Amino acid sequence: MAHRSIVISLGIAALIASGIAPAQGEPPVVVKPIASSTTTASGQPIRFPPGDARVTFSEYVIAPGARLPAHKHPYPRFAYVLAGTLSVTVEATAQTLTYKPGDAIFEVIDQWHFAVNDGPEAVRLLVVDTLPDGATSTIIKQ
């Protein structure tokens, strides 16, 4: 914990030294919580795989009019909508959830679902996968 404080302090000092400093009276770092959940979009508990895991950040760009094939994720996956509007339908429940910019997505685990971009602009997602090293994050329904 002390090591982390030192690194943060050094980082703030470096910003100030480089001339990028907050305005007088402004805090040097502002944290705005975006989302927090212990369950997926369908209410499943979020559980991480045991043992060592790989965390991967990816940007997905989904063209207007695109429909992703039915698929599932065997491990926790999270996304943040940067642009566009995405509708996700869980096949087993026929539940459709719509996500817009600024929304967090807690993807369903091991449930078939598909997504559609019915909007006029590309959907851009920041996607975070957590899975055992070497495992696949997505299984396409055959």
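Conventions used here
Residues numbered from 1 in each chain as written. Predicted model: local features only at pLDDT ≥ 70, side-chain atom pairs only at ≥ 80, totals over all residues. Heavy atoms only, no water. Helix = DSSP H or I, 4+ residues; strand = E, 2+ residues; numbered from the N terminus. Buried < 20%, exposed > 50% of the residue type's maximum accessible area, 1.4 Å probe, protein only. Contact = heavy atoms within 4.5 Å. Areas by Shrake-Rupley, 256 points an atom, 1.4 Å probe, with all protein chains shown as cover. Core = buried A, V, L, I, M, F, W, Y, C linked by side-chain atoms within 4.5 Å.

Caption draft 1: Structural context of the overall build of the chain. Scanning the chain for helices and strands turns up one helix and nine strands. Ordered by position in the sequence, the α and β elements of the chain form the string α-β-β-β-β-β-β-β-β-β. Across the 142 residues of the chain, 30% fall into the buried class. Across the chain, contacts joining residues at least 24 apart in sequence account for 77% of those joining residues at least 6 apart. Carbon and sulfur atoms provide 59% of the accessible area of the chain, an area that totals close to 9100 Å².

Caption draft 2: Inspection of the nonpolar core at higher detail. Residues Ile62, Ala79, Val81, Leu86, Val88, Tyr99, Ile105, Ala115, Val123, Leu125 and Val127 constitute the largest nonpolar core, which totals 11 residues. Elements that contribute at least two residues to this core include exactly strand E3 (77-83), strand E4 (86-90) and strand E8 (123-131). Ranked by residues supplied to this core, first place goes to E8 with three residues. Every residue in contact with alanine 79, bar those within four places of it in the chain, is listed here: Asp103, Ala104, Ile105, Leu126 and Val127.

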